[in-house]
Amino acid sequence: MPLPPRGLLAIFAHPDDESFGVGGVLALAAARGVPTNLVCATDGDLGGEAGARELDRDLRHGELREAMAALGVPEPIFLGYRDSGMENWARPADCFATADAEEVVGRLESILAELRPAVVLTFDPGGIYGHPDHVTISARATEAYRRAARRPGGPRVLYHQAIPRSGLAEMGRLQEAFAALRGDATAAPPTEDDLLQQRRFVELARPDEEVTTIVDVRSVLDQKLAALAAHASQMRDGGWADAPREMVERFLGWETFVRVDPPPLQGERETDLRGVV
Ligand SMILES: [Zn+2]
């Protein structure tokens, strides 16, 4: 008989995807001694500012390592694919979104077989705002989970990280309130990419009733803030470290999921990841 699966594996697309959406649950799991790991599919090499998008992969790997250290999670597992860029950009050759699907799923199945997590986390199918790498990793990780779950000792629970519509509206209000507090009246107007992204966030947020799982992560908020700050190349407006605590708690203090497997019963709601966190 194989040993029962144990622990938590998060599978995301870019260095920094993890800290905002699941950094709290990773920190909570790690603090409880639950084996906790992260797979990062791409090098995030197109995560630079508009006009200078190319970033050094070692820089982003280093930032992710620092973020994981802040969360108490071991060395991330890098799949090493090239960033595909936003959905309205020209797709670079040999990027993650066009990588052979079977190859990616196979690599994820091998990692699942080696680590034997009980619980797997990845993006919602829409990838929160439609980034091709987010959409791709959600599909590949979900397929790898389904195959692995059929085997003895395979994973038992799959969550998609998702933002409920009410949560997105609340985040928008908090961002505006914080910007006003900082006196950002002279801040640069949003770029075309920013506007597209905002539209996609709204389109892809999940109806509240579809979100099954809301985890309170306020007890590890400082670790989550440190993880976010570690991704210095992605901090365009200084981040949330200086916001009033109550505002930070409302913005970053809850993490939200749709439980995909086992499927929820009608109206089922939970406040933890099936006992793991
Ligand atoms: Zn991303």
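Bear in mind that the values here come from a model prediction, so they are computed numbers and not experimental data. (Residues numbered from 1 in each chain as written. Predicted model: local features only at pLDDT ≥ 70, side-chain atom pairs only at ≥ 80, totals over all residues. Heavy atoms only, no water.)

Novice: Tell me about the coordination of the zinc ion, and name the residues and values.
Specialist: Binding of the zinc ion to the protein goes through His 14 (ND1), Asp 17 (OD) and His 134 (NE2), at separations of 2.0 to 2.1 Å. The motif formed by the donor residues of the zinc ion, counted along the single chain, is H-x2-D-x116-H. Remark: His 134 occurs in helix α5 (residues 132-149) and Asp 17 occurs in helix α1 (residues 17-31); sequence separation between them is 117 residues. (Donors = N, O, S within 2.8 Å, 3.2 Å for Na, K, Ca; no water. Helix = DSSP H or I, 4+ residues; strand = E, 2+ residues; numbered from the N terminus.)

Novice: Provide a residue-level description of helix α2 (residues 57-71), including the pertinent values.
Specialist: Under the 1.5 Å per step criterion, the end-to-end length of α2 is 21 Å for 15 residues, consistent within 8% with the ideal 21 Å. Turning to α2, its buried residues are Arg 60, His 61, Glu 63, Leu 64, Ala 67, Met 68 and Leu 71. Down the axis, α2 shows its buried residues gathered within 160 degrees of arc, on one side only. When the buried face of α2 is taken as reference, the exposed residues oriented beyond 90 degrees from it are Asp 58 and Ala 69. Once α2 ends, the next one or two residues include Gly 72, with phi positive near 80 degrees. (Expected span 1.5 Å × (residues − 1). Buried < 20%, exposed > 50% of the residue type's maximum accessible area, 1.4 Å probe, protein only. Arc of directions from axis to C-beta.)

Novice: Describe the nonpolar core, with residues and values.
Specialist: In summary, soluble globular proteins display a tendency toward joint burial of nonpolar side chains. Leu 8, Val 25, Leu 108, Leu 121, Trp 240, Leu 273 and Val 277 are the most contacted members of the largest nonpolar core, which has 76 residues in total. Of the residues forming this core, the biggest block, seven residues, is contributed by α1. The contacts of Leu 121, once residues within four sequence positions are left out, are Leu 8, Leu 9, Ala 10, Ile 11, Phe 12, Val 22, Val 25, Tyr 159, Phe 257 and Leu 273. (Core = buried A, V, L, I, M, F, W, Y, C linked by side-chain atoms within 4.5 Å. Contact = heavy atoms within 4.5 Å.)

Novice: An account of unusual backbone geometry is requested, with residue identities and associated values reported.
Specialist: Cis geometry marks the peptide bond from Asp 261 to Pro 262, where omega comes out at -5 degrees. In this structure, Ile 128 takes a positive phi of about 70 degrees despite not being glycine. In this fold, Ile 128 is placed in helix α4 (residues 127-130). We classify Ile 128 as buried; its relative accessible area is 10%.

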